[in-house]
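Fold and contact review
Residue strings, one per chain:
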Amino acid sequence: MHPTIEFDADLIARMTQRGPRYTSYPTADRFTPAFGAGEFAAAARPGKPLSLYVHIPFCESLCYYCACNKIITHDRGKAVKYLGYLLREIDMQAALFADGAVVEQLHFGGGTPTYLSDAQMGDLLGHLRSRYTFASDDAGEFSIEIDPRTVDAARIRTLRRQGFNRLSLGVQDFDEDVQRAVNRIQPEALTRDAIAAAREAGFRSISIDLIYGLPLQNVTTMAATLDKVVAAAPDRISVYNYAHMPQLFKSQKLIRDEDLPDGATKLAMLGLCIERLGAAGYVYIGMDHFARPDDELARAQRDGTLHRNFQGYSTHADIDMVACGVSAISAVNGTYAQNEKSLERYYTRIDRGELPVARGLALSGDDLLRREVIQKLMCDFALDLRDLAASWNVDVAARFAPELARLADLARDGLLAVTPDRVDVTPKGRLLVRNICMVFDDYFGKPAAVPLQRMQYSRTV
């Protein structure tokens, strides 16, 4: 059985608060410069299955809502220079990880990965394949994020020939007024053509990203967008809550506050998304993700093998993730390591012959235990306390006495069902699973590892 979801607007309005998305635990504001390239290299385990992430930071134009690490430029020479350094970083990482390892997953993110030309993409992929052994096309998941405004059918066919078998398309909203308000003009025909081309080329899974809470959005415009999305029939749909934090992201200052929908309208749009996508046969995976029942994400959730990492939900177990490129974050053998965030520092470190790790963290035993608890809640909406006690050799009732007391409060609010052996998130609690996970976050609310590094989290719903 797949998890069902119950939308309770009053409960959400009362319970929502700012908190982590738990793509990692501990969260990135706990990373410290005391963890550097040497610590990352020491954590390497050659021969283990791998997930590779490649960050391409460049975009041709600025989307006002964007909170990604990106560089807006029409100077293609910057990509040429970046690729030269990226290949050098790949070589340094491969020397640590590649021996006997099989790459089961590959993800290109950004920025806009399709900013690279066909030839540049081919060279980069060829370099990766010369350094690593990749799983077969049938067994591996090799995905790329595309901007439909920057590709045509021929480019999509080329991406498939180059080895990608999954495609993620940014859409955000089909309404033309909303698109103008966020500086992302993307006619519906472009998106539909990209999806058709991807199907024709043999991509195994096609995903669409939407955002609710953008300027000029309302329930009527969202309903029209959802109709078009359902008609396009992607395999997966992500529906993200726009977090307006102009104090952190300069581009968001270009969005007028008076154009943003109020809290009640945002909640109504979310409720509509859940209703429409459920009626169209999509399964709620968790957080912002929906998938067709036969999609690998849905199957992984059924099988209890769903995982969560820096790219969101994943179908593979907790394999080491090696990330390359500016600002990219690796998760290896109980550690996290983030690369330099600026191109200048990234290049300087590589010119010194160093891995460009700027900061990171080696997880303690308590961190690892709490990470598993949070993973189970985020992915399975359940926590078997007996299994946890047996696998970690821990007295769960004693170790988590304060947390279990706080869970009892959430149970009274209808978010949970708690017994001595299990914690089960209720259908109405699933949208608020971040609130539940925050109970087990031993860092939340404490000063950050580095002054001024404190994250400003988005609202949980």
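Here is a short report on the structure shown in this document. (Residues numbered from 1 in each chain as written. Predicted model: local features only at pLDDT ≥ 70, side-chain atom pairs only at ≥ 80, totals over all residues. Heavy atoms only, no water.)

**Re the pairing of strand β15 (residues 329-332)**
Looking at chain direction, β15 and strand β16 (residues 335-339) are connected through 4 bridges and run antiparallel. If you follow Ile329 over to β16, its bridge partner there is Gln338. (Pairing = 2+ DSSP bridges. Helix = DSSP H or I, 4+ residues; strand = E, 2+ residues; numbered from the N terminus.)

**Quick look at the packing of aromatic side chains**
The tally for this structure, following the rule as stated, stands at 14 aromatic pairs. Where Tyr25 meets Tyr443, the ring centres are 5.9 Å apart and the plane angle is 55 degrees; that geometry is what we call tilted. Residue Tyr25 is located in the loop between α1 (9-15) and α2 (37-43), and its partner Tyr443 is located in the segment after α16 (433-438); the two are separated by 418 residues in the primary sequence. Assessed through its relative accessible area of 24%, Tyr443 is described here as partly exposed. Ring centres 4.2 Å apart and planes at 25 degrees place the aromatic pair Tyr85 and Tyr347 in the stacked group. (Phe/Tyr/Trp six-rings, centres within 6.5 Å; stacked < 30°, edge-to-face > 60°. Buried < 20%, exposed > 50% of the residue type's maximum accessible area, 1.4 Å probe, protein only.)

**Describing the pairing of strand β20 (residues 422-425)**
On β20, burial follows the alternation: Val423 and Val425 on one face are buried, whereas Arg422 and Asp424 on the facing-out side are not. Sheet topology places strand β19 (residues 416-418) next to β20; 3 bridges connect them, and they run antiparallel. The residue of β20 that forms the bridge with Leu416 is Val425. Adjacent in sequence and paired antiparallel, β19 and β20 are bridged by 3 residues.

**Let's talk about the state of the cysteines**
In the structure shown here, the tally under the stated rule is 0 disulfides. Left unpaired, Cys273 is separated from the closest cysteine sulfur, that of Cys63, by 19 Å. The buried category is assigned to Cys273, whose relative accessible area is 0%. No disulfide involves Cys379; its nearest neighbouring cysteine sulfur is the one of Cys437, lying 9.1 Å away. (Disulfide = S-S within 2.5 Å.)

**Remarks on the packing of helix α5 (residues 153-161) against helix α7 (residues 188-201)**
Where α5 contacts α7, the two axes come as close as 9 Å, and the packing angle between them is 35 degrees. Once α5 is placed against α7, the crossing between them reads as right-handed. Every residue of α7 that contacts α5 at Ala153, Ile156, Arg157 and Arg160 is listed here: Ala194, Ala197, Ala198 and Ala201. Across the contact of α5 with α7, the residue classes tally to 6 nonpolar, no polar and 2 charged. (Axes fitted to C-alpha atoms, helices over the stretch in contact; angles between N-to-C directions. Left-handed = near helix turned anticlockwise from the far one by under 90°. Contact = heavy atoms within 4.5 Å. Nonpolar A, V, L, I, M, F, W, Y, C, P; charged D, E, K, R; others polar.)

**Some details on the environment of Gly312**
Secondary-structure assignment places Gly312 in strand β13 (residues 312-314). Residue Gly312 is classed as buried on the basis of its relative accessible area, which comes to 5%. A sequence separation of 89 residues divides Gly312 from Ala401, and the C-alpha atoms of the two residues are 30 Å apart.

**Overview of helix α9 (residues 263-279)**
The end-to-end C-alpha separation of α9 is 24 Å, in line with the 24 Å expected for 17 residues at 1.5 Å each. Those residues of α9 not exposed but buried are Lys266, Leu267, Met269, Leu270, Gly271, Leu272, Cys273, Ile274 and Leu277. Buried residues along α9 sit against α1, β8 (205-212), α8 (219-232), β9 (236-241) and β11 (289-291). Gly281 sits one or two residues past α9 and shows a positive phi near 100 degrees. (Expected span 1.5 Å × (residues − 1).)

This is a description of form; function is not addressed.
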